[in-house]
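Commentary on secondary and tertiary structure
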Amino acid sequence: MSDRESINGSAERRLGVFKTYKLYVGGKFPRSESGRVYEVTDSKGQWLANAPKSSRKDARDAVVAARKAFGGWSGATAYNRGQVLYRVAEMLEGRKEQFVREVAASEGLSKSKAAAAVDAAIDRWVWYAGWTDKIGQIAGGANPVAGPFFNLSTPEPTGVVAVLAPQKSSFLGLVSVVAPVIATGNTAVVIASADAPLPALSLGEVLATSDVPGGVVNILTGVTAEIAAPLAAHQDVNAIDLTGAEAELAKELEIAAADNLKRVRRPQPVDTDGASDSENWLASPGTDRLTAFLETKTVWHPTGALGAAGSSY
C-alpha cells in the first residue's frame, strides 16, 4: 500500500492550499495593520479570496516607504530605469497564465479576452521601458534667449505620487497608470481596484522578484475612499492621479490635495453606467501620462567670452 493511500485502501484526499493575498509596501508583504480583510468575488458572486482591507495607517506607511525610495530611484539613470521596467515585463511573461486566470475571474472576461488584456499589459511595460531615456528629449531642451546665455530646461520627477487605479480594468488599466509614474523617476502609492484587487496584489509579487527597489511601488487594497482621503491630505505626497475615483470622490480629493499644491490628474468624464474609468486602455497611450508628473527645471548659464574681440559661443 502506497503512502498516498489510507488504511482502508482509498486514496487520501489532499487539502487545497489557498493563497493568502497581502499588501505590498516597502518591498515587503505585510498584512493590514488593522487585521481586516474583505471577500473578493468573481463576476458571478463566487468567492475568490480574502484581500487585505487597508487602513489609514497602512496608507501612511506606504508614503514613508515611497519617500525613502524616491532618492535612489529618481537618481538612477533613465537607461537603468528602462532596464528595470523591461525586467518586470520579462517576469510577467513567465507568469502570464496566472494573470490570465485572475483577470478572467476578476473582470468576468473570457479566457481569450483576458489573455489579450494581459498581453497588452506586458507590452505596455515594454513600451514605457523604451520611453525612460527619451522623454527628456520631448519634455526638455535648449531655449532660445537673447544674450550670451545657455538656457536649458530639463524634466525632473515630481516625487511621491498617489495613484487611484481604474476600477474596471484590474490589470491593463493598473499597468497603464503605474508604469508611466515610475518610468519618469517618481515613486507610487497605488490603491488597487476595490472589487478586483487580486491582479494588483499578484503584480506586487512580480515587482518584488524583479529589479524594482522596494518602496518604488506600494500597493494597497480596500475601500478606495477610505484609503485615498489620507493620501490626498498627506503633506509628503506630491501628486495624485484620480483615474479610479468617482466624480464626487474625485472632487473631494482634489480639494484636499490643494492644501499642499499637489499636482492632480483628473479622471476622464464618466461613461453611461457611471464608471469613472471610461478610457480605452487598449488604445495607444501616448506620452500624456509620462509628462503628467514631471517638473521642469530651467538653468541659465553664461556662455563666457572668447578672445579680445569679446566674441562668444
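My aim in this report is to walk through the structure given alongside it, one point at a time. From a predicted model like this one, the values you see are computed outputs, not experimental measurements.

Digging into the packing of aromatic side chains
- Summed over the entire model, instances satisfying the criterion amount to six aromatic pairs.
- Pairing Phe18 with Trp47 gives two aromatic rings, centres 5.8 Å apart and planes at 75°, and the pair type is edge-to-face. On the criterion of sequence distance, the pair formed by Phe18 in the segment before strand E1 (37-41) and Trp47 in strand E2 (residues 47-52) is long-range, its members being 29 residues apart.
- When its relative accessible area of 39% is taken as the criterion, Trp47 is described as partly exposed.
- With centroids separated by 5.8 Å and ring planes inclined at 75°, the aromatic side chains of Phe149 and Trp300 adopt a geometry described as edge-to-face.

Re the sheet that holds strand E3 (residues 141-142)
- Strand order in this open sheet of three strands is E3-E4-E10, and the pairing throughout is antiparallel. Strands at the two margins of the open sheet, each flanked by one partner only, are E3 and strand E10 (294-302).
- Examined bridge by bridge, strand E4 (residues 149-157) and E10 share nine bridges and lie antiparallel to one another. Opposite Pro157, over in E10, you have Leu294 as the bridge partner.

Remarks on the pairing of strand E6 (residues 187-191)
- Counted residue by residue, E6 has five buried out of five residues, so it is predominantly covered.
- The side-chain alternation of E6 yields two buried faces, one formed by Thr187, Val189 and Ile191 and the other by Ala188 and Val190.
- Bridge count for strand E5 (residues 160-164) against E6 is five bridges, and the pairing is parallel. Looking across to E6, one finds that Val160 is bridged to Thr187.

What to know about unusual backbone geometry
- Although it is not a glycine, Leu261 sits at a positive phi angle of roughly 55°.
- As for its position among the elements, Leu261 is in the loop between helix H9 (247-257) and strand E9 (263-265).
- Residue classification places Leu261 among the exposed positions, given a relative accessible area of 74%.

A short note on the side chain of Ser210
- Considering the arrangement of structural elements, one finds Ser210 in the loop between helix H7 (198-208) and strand E7 (217-220).
- Within polar-contact distance, the side chain of Ser210 engages the backbone oxygen of Leu207 at 2.9 Å.
- For Ser210, the residues in contact, after removing those within four places along its chain, are Arg87, Val88 and Met91.

Focus on the environment of Leu23
- Position of Leu23 relative to the elements: it lies in the segment before E1.
- Taking the C-alpha atoms as reference points, Leu23 and Leu249, separated by 226 residues in sequence, lie 23 Å from one another.
- Filtering out sequence-adjacent residues up to four positions away, Leu23 remains in contact with Lys28, Phe29, Pro30, Arg31, Ser32, Pro52, Ser54, Asp58, Leu201, Ile219, Leu220 and Thr221.

Description of the sheet that holds E6
- Pairing is parallel in the open sheet, where five strands are placed in the order E7-E6-E5-E8-E9. Two strands lie at the open edges of the sheet, namely E7 and E9, each paired on one side alone. Across this sheet, the average inter-strand angle for adjacent strands is 15°, counted without regard to direction.
- Two strands pair when backbone bridges link them, and strand E8 (residues 239-241) and E9 are joined in this way by three bridges, in the parallel orientation. Bridge pairing in E9 places Asp241 opposite Arg265.
- Where helix H1 (residues 56-75) meets the sheet, its contacts fall on E5, E6 and E7, and the angle it forms with E6 comes to roughly 155°.

Rules and cut-offs
Residues numbered from 1 in each chain as written. Predicted model: local features only at pLDDT ≥ 70, side-chain atom pairs only at ≥ 80, totals over all residues. Heavy atoms only, no water. Phe/Tyr/Trp six-rings, centres within 6.5 Å; stacked < 30°, edge-to-face > 60°. Helix = DSSP H or I, 4+ residues; strand = E, 2+ residues; numbered from the N terminus. Buried < 20%, exposed > 50% of the residue type's maximum accessible area, 1.4 Å probe, protein only. Pairing = 2+ DSSP bridges. Polar contact = N/O pair within 3.5 Å; in protein donor to acceptor, adjacent residues only side chain to side chain. Contact = heavy atoms within 4.5 Å. Axes fitted to C-alpha atoms, helices over the stretch in contact; angles between N-to-C directions.

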